[in-house]
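# Structural characterization, general
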Amino acid sequence: MKVLIINGPNLNLLGTREPEIYGTVSMETYLENLKSEFHSHELKYYQSNIEGEIINRLQEDDFDAVVINPGAFTHYSYAIADCLKNIQKPKIEVHISNIYKREEFRQKSVTAANTDAVLSGFGMDGYRLAILSLK
């Protein structure tokens, strides 16, 4: 199975950005662990701080399932939500922190309605749990 993992804005800073919320492991390090655990899957990774680039990547359609952490776009990107709506493959939204324990504006996801499931608050392990759910 080809799984596309997409991270949105500021998630390129994982490992150094607000470690009390996001931890101290970089996505690159975590991705290597995922690849060794899920060696039967082809894991592709993409990160962008730019909304249109995320949409363009999703529209490439070279994957069997997507695991997406839209970052701040979660809360206001109807463009990404519309793109997800048009993908007829398994889609799981992941949030490292529990968005429901954070600021009020972070507690609303406009993208979640166009995914099959949402994992929130499991730390980086949310990506692993999402891939496990695709088996």
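In this text the structure is predicted, and so the values were computed from the model without any measurement. (Residues numbered from 1 in each chain as written. Predicted model: local features only at pLDDT ≥ 70, side-chain atom pairs only at ≥ 80, totals over all residues. Heavy atoms only, no water.)

## Section: the overall build of the chain
The helix and strand tally for the chain stands at five helices and five strands. Secondary structure of the chain in N-to-C order comes out as β-α-α-β-α-β-α-β-β-α. Taken over the C-alpha trace, the chain has a radius of gyration of 14 Å; the compact-globule value for 135 residues is 14 Å, and the two agree within 12%. Dimensions of the chain, computed from the C-alpha atoms along their principal axes, are close to 35 × 30 × 25 Å. Residue burial in the chain is summarised as follows: out of 135 residues, 49% are buried. A separation of at least 24 residues holds for 77% of the contacts in the chain among residues at least 6 apart in sequence. (Helix = DSSP H or I, 4+ residues; strand = E, 2+ residues; numbered from the N terminus. Rg over C-alpha atoms; globule rule 2.2 N^0.38 Å. Buried < 20%, exposed > 50% of the residue type's maximum accessible area, 1.4 Å probe, protein only. Contact = heavy atoms within 4.5 Å.)

## Describing the pattern of salt bridges
Considering all chains together, one arrives at eight salt bridges under this definition. We note a salt bridge from Lys44 to Asp62, for which the minimum N-O separation is 3.2 Å. Of this pair, Lys44 sits in strand β2 (residues 42–47) while Asp62 is found in the loop between α3 (51–58) and β3 (65–69), placing the two residues 18 residues apart along the sequence. Here Lys44 falls in the buried class, since its relative accessible area comes to 19%. When the shortest N-O distance is used, the salt bridge between Asp62 and Arg57 registers 2.8 Å. Taken together, the salt bridges that share partners define one network made up of Glu42, Lys44, Arg57, Glu60 and Asp62. (Salt bridge = Lys/Arg side-chain N within 4 Å of Asp/Glu carboxyl O.)

## Points about the packing of helix α2 (residues 27–37) against helix α5 (residues 125–134)
One way to put it is that α2 packs onto α5 with a least axis distance of 10 Å and a crossing angle of 30°. In terms of their interaxial angle, α2 and α5 are classed as roughly parallel. As for the relative orientation of α2 and α5, their crossing is right-handed in sense. Counting all contacts with α2, which are made through Met27, Tyr30, Leu34 and Glu37, the residues of α5 involved are Asp125, Tyr127, Arg128 and Ile131. The residue makeup of the contact of α2 with α5, split by class, is five nonpolar, no polar and three charged. (Axes fitted to C-alpha atoms, helices over the stretch in contact; angles between N-to-C directions. Parallel < 35°, antiparallel > 145°, perpendicular 65-115°, else oblique. Left-handed = near helix turned anticlockwise from the far one by under 90°. Nonpolar A, V, L, I, M, F, W, Y, C, P; charged D, E, K, R; others polar.)

## Side note on helix α4 (residues 78–85)
Within the span of α4, buried status applies to Ile80, Ala81, Cys83 and Leu84. Seen end-on, α4 carries its buried residues on one side only, within an arc spanning 160°. Turned more than 90 degrees away from the buried face of α4 sit Tyr78 and Lys85, all of them exposed. Buried-residue contacts for α4 involve α3, β3 and β4 (91–95). (Arc of directions from axis to C-beta.)

## Things to note about the sheet that holds strand β5 (residues 117–120)
Note on sheets: strands pair through backbone hydrogen bonds, and any given pair is parallel or antiparallel. With parallel pairing, the five strands of this open sheet are ordered in space as β2-β1-β3-β4-β5. Each edge of the open sheet is held by one strand with a lone partner, namely β2 and β5. Looking at each pair of strands side by side, their axes are set apart by 20° on average, direction ignored. By the bridge criterion, three bridges tie β3 to β4 in an arrangement that is parallel. (Pairing = 2+ DSSP bridges.)

## Notes on the side chain of Lys91
Secondary-structure assignment places Lys91 in strand β4. Despite its burial, Lys91 pairs with no opposite charge; the closest candidate is Asp116, at 5.4 Å N-O. (Lys, Arg positive; Asp, Glu negative; His and termini not counted.)

## Quick word on α2
Within α2 the residues assigned to the buried category are Met27, Tyr30, Leu31 and Leu34. Looking straight down α2, one finds that the buried residues subtend no more than 100° of arc, so they occupy a single side. In this structure, α2 carries Glu32 and Ser36 as exposed residues pointing more than 90 degrees from its buried face. The elements touched by buried residues of α2 are β1 (2–7), β2 and α5.

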